[in-house]
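Fold and contact review
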Amino acid sequence: MSYVEAASAPLRKTGHIRLHGPEAFAGMRRAGQLAAQALDLVHEMVGIGVSTEAIDKVVFDFAMDSGALPATLMYRGYRHSSCTSINHVVCHGIPNEKPLREGDIVNVDVTLIVDGWHGDSSRMFAIGEIPRRAERLIDVTYESMMRGIRAIKPGGHIGDIGAAIQEFVEPFHMSVVRDFCGHGVGQLFHDEPNVVHVGRRGEGPEMLPGMIFTVEPMINLGRPHVKVLSDGWTAVTRDRSLSAQFEHAIGVTETGVEIFTLSPKGYHKPVFGTPL
Ligand code: MF3
Ligand code: CO
Ligand code: CO
């Protein structure tokens, strides 16, 4: 191994799941809290007539003021500080100058790098009054993520997460997107393991204390199938049905799970209160 390779070796995807120590958890806490604060700022400025470019600028400016770097900026040719996915956009929507309209639902996904650690989180925002089916979709998606997270404990398996999400979502006649998944996160943006949001209990790698990854289910009102538009990023539902997503970064602890990306202002949970 050359000198250069040796220097970058600890920061490469290795094909096995890293077990992180207390310094990593401390770093992820700081990065996760900053990402959550950025989303809290978005919460306070988003609304009718606001563009996704304006949202992206709030995230960029906050990152700069906080000594953080947006991980998506220049990532594989991506040029923005956030992904903004509106209505039938499943994920990786590119911010633009078009004003948001009453009835839109938008996911804002932010990853901030703080001292080398990646805080990755996303939430849904409702623009003015939204249709009841959009409220239900958002509530079901949030609850599915939380059920996935509550399935995390040492000795369990990664498949337990997808099983909890899938069996909660499908009775509502909504579907879980297969083409994108959660991922290990830490000093790498996208690391092992893949966290698929469907599955069967007991399948996949065993969860161990020190694992750090995201849970970020994308749920569609219609069919699960997606396609990527010609911009190379924007993923949309093939049937143009509405799609929603929430994302937390978590760590597996000795006793269960720690969520790194909870909102300091308590904004992470949607407010519609659909009886589930
Ligand atoms: N934040 C996204 C995730 O949850 C990744 C976005 S990559 C981008 O993994 F390039 F599309 F921004
Ligand atoms: Co992620
Ligand atoms: Co993300």
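Being a predicted model, the structure only gives us computed values, none of them experimental.

Let's shift gears to the sheet that holds strand β10 (residues 218-220). Overall, antiparallel pairing links the 3 strands, which are arranged β6-β10-β13 in an open sheet. The open sheet terminates on both sides in strands that have one partner only, identified here as β6 (175-176) and β13 (243-245). With 2 bridges joining them, β6 and β10 adopt antiparallel strand pairing. The residue bridging Val176 from the neighbouring strand is Ile219, located in β10. Sheet strands in contact with helix α4 (residues 132-150) are β10 and β13, and its direction is about 35° off that of β13.

Those donors, Asp120 (OD), His183 (NE2), Glu216 (OE) and Glu247 (OE), are the protein atoms that reach the cobalt ion (ligand 2), and they lie 2.0 to 2.3 Å from it. Note that the cobalt ion (ligand 2) binds 6 donor atoms; their angles at the metal cover 51 to 159°, and the shape is irregular. Sequence spacing among the residues donating to the cobalt ion (ligand 2) works out to D-x62-H-x32-E-x30-E. Separating the cobalt ion (ligand 2) and the cobalt ion (ligand 3) is a distance of 3.3 Å, and Asp120 donates to both of them. Of this pair, His183 sits in strand β7 (residues 182-184) while Glu216 is found in the loop between β9 (212-215) and β10, placing the two residues 33 residues apart along the sequence. Judged by relative accessible area, His183 falls into the buried class, the value being 5%.

Let us now look at the site of ligand 1. With respect to spatial proximity, 14 residues lie near ligand 1, and among them Thr72, His183, His190, Glu216 and Glu247 are the closest. For ligand 1, an oxygen atom lies 3.0 Å from a polar atom in the side chain of His183. Note that an oxygen atom of ligand 1 is positioned 2.8 Å from one of the side-chain N or O atoms of His190. Alone, ligand 1 offers 340 Å² of accessible surface; in the complex the protein occludes 96% of this. Along the lines of polarity and charge, the residues of the shell around ligand 1 split into 5 nonpolar, 5 polar and 4 charged.

On to the coordination of the cobalt ion (ligand 3). Protein coordination at the cobalt ion (ligand 3): the donors are Asp109 (OD), Asp109 (OD), Asp120 (OD) and Glu247 (OE), at 2.1 to 2.4 Å from the metal. One can describe the site at the cobalt ion (ligand 3) as irregular: its 6 donor atoms subtend angles covering 58 to 166° at the metal.

As a further point, take the UniProt feature "binding site: substrate" (unreviewed entry) in the protein. As recorded in UniProt, the sites labelled "binding site: substrate" (unreviewed entry) are His92 and His190. Residue position: His92 is located in the loop between β3 (89-91) and β4 (105-114). With relative accessibility at 27%, the residue His92 sits in the partly exposed group. Among all residues touching His92, those that are not within four sequence positions of it are Cys83, Ser85, Phe180, Trp233 and Thr234. Mapped onto the elements of the fold, His190 is located in the loop between β7 and β8 (191-195). Taking relative accessible area as the criterion, His190 reaches 32% and is therefore assigned partly exposed. Look past the residues within four positions of His190 in its chain and what remains in contact with it is Lys13, Tyr75, His183 and Gly184. Within the structure, His190 has its side chain in polar contact with the side chain of Tyr75 (distance 2.7 Å).

Turning our eyes to something else, we now look at a nonpolar patch on the surface. Judged by side-chain polarity, Phe60, Met64 and Leu69 come together as a nonpolar surface patch covering roughly 260 Å² of accessible area. Checked against the element boundaries, Met64 lands in helix α3 (residues 52-65).

Calculation criteria
- Residues numbered from 1 in each chain as written.
- Chains lettered and ligands numbered in written order.
- Predicted model: local features only at pLDDT ≥ 70, side-chain atom pairs only at ≥ 80, totals over all residues.
- Heavy atoms only, no water.
- Pairing = 2+ DSSP bridges.
- Helix = DSSP H or I, 4+ residues; strand = E, 2+ residues; numbered from the N terminus.
- Contact = heavy atoms within 4.5 Å.
- Axes fitted to C-alpha atoms, helices over the stretch in contact; angles between N-to-C directions.
- Donors = N, O, S within 2.8 Å, 3.2 Å for Na, K, Ca; no water.
- Tetrahedral: all angles 85-135°; square planar, octahedral: opposite > 155°, others 65-115°.
- Buried < 20%, exposed > 50% of the residue type's maximum accessible area, 1.4 Å probe, protein only.
- Near = heavy atom within 4 Å.
- Polar contact = N/O pair within 3.5 Å; in protein donor to acceptor, adjacent residues only side chain to side chain.
- Areas by Shrake-Rupley, 256 points an atom, 1.4 Å probe, with all protein chains shown as cover.
- Nonpolar A, V, L, I, M, F, W, Y, C, P; charged D, E, K, R; others polar.
- UniProt positions renumbered as here; feature names shortened; annotations may be inferred.
- Patch = residues over 30% accessible without salt bridge, like charges linked within 9 Å, V, L, I, M, F, W, Y side chains within 5 Å.
- Salt bridge = Lys/Arg side-chain N within 4 Å of Asp/Glu carboxyl O.

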